[in-house]
Amino acid sequence: MGRLIQNLEAWVPVVVVLLLAMVTTWLWRVVEGGGAWGQKSVRHIPDLIMSHFSALQLGENGQIRYTLDASKMVHYPDDDTSHFETVLFTSYESNGPPVDVRSERAVRSEPRDEVVFTGHVVVTRQPTPEEPRTVMTTSILTAYPQRGIEKTDQPVVVTYGQDRLLANSMIVDNKTKVAHFTHAKLLYHSAPRHP
């Protein structure tokens, strides 16, 4: 019996050190945001804040694909989103003029390839020799840059030269050049006839 007590007494410091190590590991995970025992923390804290933000993306041919300018950018690592203020997004099409999207705010979700523009959204396509200037306004616009799709479920006004289209919603596929509008009204100005 005396030998058993001596063996137990010899193991007590080892057990205490192991317990302290386990508690320290648990506390470290909780403090660092990993949660208890590997559970991920749901903290929405920015890891990057920039003023006067400007970025561009190049295509495979080395040409500029789009540019993004904002007065402020905040990135959140937990959901990999970037939040922008006072936004100017310009898309450069290979077979057409640049298209500008201006808005008060925008949120870019990298995993979903999604940009949501909000707050007085104005999309402008500059004129070409064949087509007049086109301006589209709405309160919210969701764009999927890789897929070339823009959509809104809010009222939209499209001005094409002197013509105007008003609709309750819109989906545009830039790759197929097809636009879908719901409950649309077109105010069309016919060209003057010459005698």
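Look above for the structure.
Just so it is clear, the structure is predicted and the values come from calculations on it, not from any experiment.

**Section: the overall build of the chain**
Here is step 1 of the chain: Within the chain, the regular secondary structure consists of 1 helix and 12 strands.
Here is step 2 of the chain: N-terminal to C-terminal, the α/β element order of the chain is α-β-β-β-β-β-β-β-β-β-β-β-β.
Here is step 3 of the chain: Within the chain, the fraction of its 195 residues that count as buried is 28%.
Here is step 4 of the chain: Sequence separation of at least 24 residues holds for 32% of the intrachain contacts in the chain that already meet a minimum separation of 6.

**Focus: the side chain of T142**
Here is step 1 of the chain: With respect to the secondary-structure elements, T142 resides in strand β6 (residues 134-144).
Here is step 2 of the chain: Not counting residues up to four positions away in its chain, the partners in contact with T142 are E114, V115, V116, I149, E150 and K151.

**Considering unusual backbone geometry**
Here is step 1 of the chain: Positive phi, close to 50°, is recorded for H52, a residue that is not glycine.
Here is step 2 of the chain: Note that H52 resides in strand β1 (residues 48-58).
Here is step 3 of the chain: Not every positive phi belongs to a glycine, and H183 is a case in point at roughly 45°.
Here is step 4 of the chain: Mapping H183 onto the fold places it in the loop between β11 (178-182) and β12 (185-187).

**Observations concerning the layout of surface pockets**
Here is step 1 of the chain: By volume, the largest pocket is sized at about 1,300 Å³.
Here is step 2 of the chain: Around the largest pocket, the lining is made up of 40 residues, and of these E93, V99, E150, N174 and K177 lie nearest the centre.
Here is step 3 of the chain: Contributing elements (two or more residues each) for the lining of the largest pocket: β2 (64-76), β3 (81-91), β4 (99-109), β5 (114-125), β6, β8 (156-160), β10 (169-173) and β11.
Here is step 4 of the chain: If you tally residues by element for the lining of the largest pocket, the top one is β6, at 5 residues.
Here is step 5 of the chain: When the residues that make up the lining of the largest pocket are grouped by side-chain class, the tally is 21 nonpolar, 11 polar and 8 charged.
Here is step 6 of the chain: Empty space within the second largest pocket amounts to approximately 280 Å³.

About the thresholds
- Residues numbered from 1 in each chain as written.
- Predicted model: local features only at pLDDT ≥ 70, side-chain atom pairs only at ≥ 80, totals over all residues.
- Heavy atoms only, no water.
- Helix = DSSP H or I, 4+ residues; strand = E, 2+ residues; numbered from the N terminus.
- Buried < 20%, exposed > 50% of the residue type's maximum accessible area, 1.4 Å probe, protein only.
- Contact = heavy atoms within 4.5 Å.
- 1 Å grid on protein atoms, 1.4 Å probe; cavity = no way out; pocket = protein on both sides within 12 Å on 5 of 7 lines; lining within 4 Å.
- Points joined across faces, edges and corners; volume = space filled by probe spheres on them.
- Nonpolar A, V, L, I, M, F, W, Y, C, P; charged D, E, K, R; others polar.

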